[in-house]
Structure formats: C-alpha cells, structure tokens
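Coordinate analysis (summary)
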Amino acid sequence: MTITEIPSFTPVNGGGKGGRRLSRVRILAVLVVLALAVAGAWFGLRTSRSDQVTAGPPSWFAPYVDVTATPQYGFEDPPSSAPGAAVLGFVVSAPAAPCQPSWGGAYLLPAAADSLDLDRRIARSGQLGGQITVSFGGATNAELSLGCTDLAELTAAYRTVVDRYSAGSIDLDIEGAAASAPAVATRRALAIAALVNEEAVAGHRLTVWLTLPVGTSGLTTDGKVVLAAMLAAHVPLAGVNGMTMDYGGPLPAGSSMAEEGESALTALQQQIRSANAAAGIPLTVAQSWRLVGATPMIGQNDSAGEQFGLDDARRLVAFAQLHQLGRLSMWSANRDQGCGPNYPDVHVVSDACSGVAQSAGAFSAILRTFGAGQSLGTTTAVATASAASTPAPATELTDNPATSPYSIWNANVAYVKGDKTVWHRNVYQAKWYTTGEQPDAPVAATTDTPWTLIGPVLAGEHPAATPTLKVGTYPQWSATAAYVAGSRVLLGGLGYQAKWWTQGDTPGAVPSTPSAPSPWQVLTTS
C-alpha cells in the first residue's frame, strides 16, 4: 500500500499578527493538490492491491498451534513430517483488562515468556528457518476489539504483540456474533489499518489474513460484515481463510467433508470477488482464488457426524492446487496424532488427538505438499523476538552468569527431569536425570541426548529469581532431625525434598555432584 504524505501548514512567525497569510487563490491551489493526493492514494491502493493479487504470493501451508494447550506442542522444532511454519493461537483480551493482550486469557505476554518460554521458542523457530504467524481471536475468550473500545488503545494493543514478536504476518480469527457486530468490526478494521500504515512507514510490510466461519454457501452474515469493514478501512488483506469445519450436523448421504469444503470455498471465492468489486477493487476469477484460504478441523469435528479423514486431506490438497488457493492450514498440530486405546470415545473431540486412525503427523505430511517449501510470500514472518529479545550472535559462545536466565551448565552437577541450564548461549532442559553429559554434544538422534534445546539466551535477560515459599509451607529444616525419602523441609525460603534418609546434611549447601550427591532436591512450588 502506498503511503501518501499530506503537507502541513506552518504559518510564518508562529501565525501571530504580522505573519504572512496565504491568499484565497493559494489556499484553493493547495486544496486542489490535497484532493489530487488523496485521489492518487486511493487509486494507488486499488492499483497496488490488484497488482499484488496478480503477482500472487507463494501458496503456503501452516497448521494452527494452540500455544496454551497441554501437553505443549513443540512448534519451534517440529517432527520431520510437520512444516516449519505455524499459526500460533490465540491472542485475546486479558480477563480483567480488555485492552491488554494475553495468550488464551491465561498468560499476559511477559508471563508467556516465563511460563511457556514462548519468546525463546519463537526465536528458536527463527534459528531453524521457521515462519510464525500470530493469530488473534479464536472460538473462546474475547478478541481484543470486542472489549477494547478506545481506537488508540486498541491499535496500541495490536502493536504490542506485533512488536514483541517482530511479526510480519498476523491472522484475525473472528468468530461469534458479538465479535462480528458492525461497530466492533469497524473498530477492529480501523485499528488494523492504522497498524499496517505504521508498519509501512517504518519500512515493514504486515500481512493480514481474515479467518472466518463458513457454511456450504460460503461466509455467514457475520463474516460478510467483518470482510466489508476491512475493505472499507482499506486494509490490504492477504486473503480470507474459510474454516471448513463444524457445519452443524451429519453430512448429506454420500457426501464427504472434502466435498462440503469444496462447496464452501467455491462460494467464498465468489463472495471475495463481489466484496472487492463493491469496494472498487476489480478482481479476475484467478485473482480472487488467490485470496482464498482453507482450514479444516482434522479428524473428529465438534459435530458428531462430521469427520475429516486422511482421504479428505488428499482431496483438499488437489482442490487447492487446481484453483491455486493462497493458503492451507489445519486445526491443529496439537491434534495430529491418533488417540490411542486408552481414549474412551473418539467421537468426543480431544484437543490432543484427532479421533481417527492415523500415524503421528499424518495430516501435516499430506497438507504440507501444498505450497511445499514456499514462504509466506509478502512478509517476513517472526524469526526472532523483539529487538529487546534478539538472540546473541551464534559466534558468541561465552556464557555470562549475569546475563543468563538459568545457571551455567556444570559437568559436576546432577540435573533431574525439567531442570534448565544455559550452555553456549542457549537454554537446555533435562529430559531425565543426567550428569556430565554436555548439552550440545553431537548425537545421532534426539533420543540419544538427555537435553532438549529450548532456544537462545535473549538480549536483556538476567538470572531468574528463585521462587520462595511462605513460612509454614513445610517444617523448618533441623540439623538434628532425621529425614526419610520424601520428607519436605523449608530453609531460607526454599523448599527441599529428601531423596533418601539423611541427617545433618544442609539442603543447598553444596552442588550435587556424581562423587558427592546431595540427599536434597530443591522444590520450586508447594
């Protein structure tokens, strides 16, 4: 989108008496220039929008990842069957502060960095060449524009997320009548338009995708309102991603989820073309197909009679390639595995498995063949965290305790499962008990190392404070008392648990080493 600068008027001598005044003729001339500039900007918008679609950014596939779901999905280092790209969901309003962004209403952005190691994992994804899109909204919780009614504060809230994660691509997953209400849709569109313009002025291009529910006849009435508001605000949308899922009941006899999806996407393409024409942006059939995205819910859908299987995935890829769609996604990478024999009823949706017979990563392996090896196109997706969180240069391997979030790895210290340490400017987490095994030692397979690489040490980090417990949480440690395995004590605000019988050994006095193991294990929670 072309940004046109409109000249400002600066009166001579501050505009006071005796200052030079513009004649009516000059004022009229300036107004004509302004009118031509605005018209030129709108014409430029229409032209660049049409040219952008004509050129067509590369098609891409990126699964959604539920960032707050348990167990945690490793989008930063996915299995070989999964792509390096991911759409991370969902940023919504904090429950007590509508203009404050949070992940799933459960983690404010700093808390997500601490509890989920999200900033570091995004940086790790960038190290591996992964591309991340941040998604706002989702089916539950409140999308930012719903409760944040001040336009400037709403724009700032979106900007906070984009800046923190250096996001070049965002996704607006708008679901529900409240989030699609005309006033809300207009407020959201104006905020996104302002954000896109700010990014453009700064020399950054921000790609914006709309993700909306669809039926077999295309967008719902609510979805049409959201799309029209975006176009009216002159937001240069990368496309509209139709959620080809949850149609509301059993499929028609002889039909499949893939067939229903084809009907929905065909209708969506026509609606996109009509909506753009109404906004003064004429598109060809091929151009409008490039603005279509599709996101099925793999496996069992929320509607009991709807199940998207592996054959449906293959058919969707063929359809997407035939019409040259702009994007494919899926809900979700967390679910891309079979449920196993201990899952009681596969017809009840799980957020950790698909409910259909499959090998782990089977849906990703099929869907990634669409746009395989291609980037998100018009943007540079997240490669690192914000400037304040930029990873240290790869050549800098000296570890500084003062700027490391965890203790430096020590060959003489014993680590238990879950312990984190810093080595060569990266953070590692122990998968099981280990001692003396260097975190970055070469191995043939990930199963051969007790360490998981979480991501780089980020600029501006400092040692994490050790959590302390309230007095009375456990009995105070006594040098004369005898403790058996499992006993818990409190010393210096820290909790400790005995690993075996002990008496007189001060908890935390010396590091645990293979030759002199400590009988105490520190506890960080009660």
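Quick caveat: nothing in here was measured; it's all calculated off a predicted structure. (Residues numbered from 1 in each chain as written. Predicted model: local features only at pLDDT ≥ 70, side-chain atom pairs only at ≥ 80, totals over all residues. Heavy atoms only, no water.)

1. Remarks on the overall build of the chain
Secondary structure summary: the chain contains eleven helices and 24 strands in total. Residues counted as buried form 46% of the 526 residues belonging to the chain. On the chain, roughly 24,000 Å² of surface is accessible, and the fraction owed to carbon and sulfur atoms is 58%. (Helix = DSSP H or I, 4+ residues; strand = E, 2+ residues; numbered from the N terminus. Buried < 20%, exposed > 50% of the residue type's maximum accessible area, 1.4 Å probe, protein only. Areas by Shrake-Rupley, 256 points an atom, 1.4 Å probe, with all protein chains shown as cover.)

2. Describing the packing of aromatic side chains
Here the structure, examined in full by the defined rule, presents eleven aromatic pairs. Cluster of aromatic residues (ring-pair linked, three or more members): Y64, F90 and W331. The ring of W209 carries R327 above its face, with NZ or CZ at 5.3 Å from the centroid. (Phe/Tyr/Trp six-rings, centres within 6.5 Å; stacked < 30°, edge-to-face > 60°. Lys NZ or Arg CZ within 6 Å of the ring centre and 35° of its normal.)

3. With respect to helix 3 (residues 118-127)
The element helix 3 is extensively covered by neighbouring structure, given that eight of its ten residues are classed as buried. Looking at helix 3, one finds that the buried residues are L118, D119, R120, R121, I122, A123, R124 and S125. Phi for G129, located one or two positions after helix 3, is positive at around 85°.

4. Considering the side chain of R187
With respect to the helices, strands and loops of the structure, R187 is situated in helix 6 (residues 182-201). Despite being buried, R187 has no salt bridge partner; E143 is the closest side chain of opposite charge, sitting 8.0 Å away. With residues up to four places along the chain from it excluded, the contact list for R187 reads S145, L146, C148, T149, L151 and L154. (Lys, Arg positive; Asp, Glu negative; His and termini not counted. Salt bridge = Lys/Arg side-chain N within 4 Å of Asp/Glu carboxyl O. Contact = heavy atoms within 4.5 Å.)

This is a description of form; function is not addressed.
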